[in-house]
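Here is how the chains run, residue by residue.
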Amino acid sequence: MITLRTTTTDDPAFRELEAEQVADVMRRYSSDDPGPSVHGGLPAVVAEQSQGDAGVRIPVGCIALSPLGEEHSTEAEIKRVYVRESARGQKVARRLLAAMEEIARAGGTRILKLEVGRMQPEAVALYTSEGWQRTDCYGYWKDEPLVICMTKRLDAFPAALAEA
């Protein structure tokens, strides 16, 4: 069983998964530039999988949220979305995205952005299926041809509550 735990980017489980995500991306792109690191103290969610009868929980996925612009900006960026291979195919990334969207919405974020590589078609497909749209690139990777930038507008209320 996989559960989600809200935490911060200082969490050792998040940092462990972030290091794996960075290594995976650098391997995929044959790069030695990991880009800017994620600052400490930011909102994060870690997915954990139960193992055995002893209640041991193994971290298998992560996501973080980084503000964009000024302190009270309504824009933020999704960072370090990653799911370990052993947990892929179980909709973990979809659940991480949904959880972070709720955290962002609760914090006043109205526009989310993210950067994803063209050599990650599974991630691009996920984001597209979740309502993300391509936009002009920004930030550190804005001139990198292998980067796709996407954005998503958040409603004031989650769709499930708006329909109720």
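Residues numbered from 1 in each chain as written. Predicted model: local features only at pLDDT ≥ 70, side-chain atom pairs only at ≥ 80, totals over all residues. Heavy atoms only, no water.

Tracing the backbone shows Ala93 in helix H2 (residues 92-106). Along the backbone, Ala93 and Thr128 are 35 residues apart, and their C-alpha atoms lie at a distance of 13 Å. Leaving out residues up to four positions away in the same chain, Ala93 has contacts with Val83 and Leu126. (Helix = DSSP H or I, 4+ residues; strand = E, 2+ residues; numbered from the N terminus. Contact = heavy atoms within 4.5 Å.)

Our next topic: the packing of aromatic side chains. Inspection of every chain in the model, using the stated rule, returns 2 aromatic pairs. We note Lys113 situated over the ring of Tyr138; from NZ or CZ to the ring centre the distance is 5.3 Å. (Phe/Tyr/Trp six-rings, centres within 6.5 Å; stacked < 30°, edge-to-face > 60°. Lys NZ or Arg CZ within 6 Å of the ring centre and 35° of its normal.)

We now examine the sheet that holds strand E3 (residues 56-67). Backbone hydrogen bonds hold the strands of a sheet together, and the pairing may be parallel or antiparallel. Strand order across the open sheet formed by 7 strands is E1-E2-E3-E4-E5-E7-E6, with mixed pairing between neighbours. If you trace the sheet from one side to the other, it starts and ends with strand E1 (2-8) and strand E6 (133-135), each paired once. Across the sheet, the mean angle from the axis of one strand to that of its neighbour is 30 degrees, orientation sign disregarded. Bridge analysis of E6 against strand E7 (residues 147-153) gives 3 bridges, and the strand direction is antiparallel. The residue of E7 that forms the bridge with Arg134 is Met150. (Pairing = 2+ DSSP bridges. Axes fitted to C-alpha atoms, helices over the stretch in contact; angles between N-to-C directions.)

On to the pairing of strand E5 (residues 111-117). Residues in a regular strand project their side chains so that they alternate between the two faces of the sheet. A large share of E5 lies buried, amounting to 6 of its 7 residues. Handedness of the crossover joining strand E4 (residues 75-83) and E5 through H2 is recorded here as right-handed. Note: E5 against E7, 7 bridges, orientation antiparallel. If you follow Val116 over to E7, its bridge partner there is Ile148. (Buried < 20%, exposed > 50% of the residue type's maximum accessible area, 1.4 Å probe, protein only. Right-handed = clockwise from strand over helix to strand, strands pointing away.)

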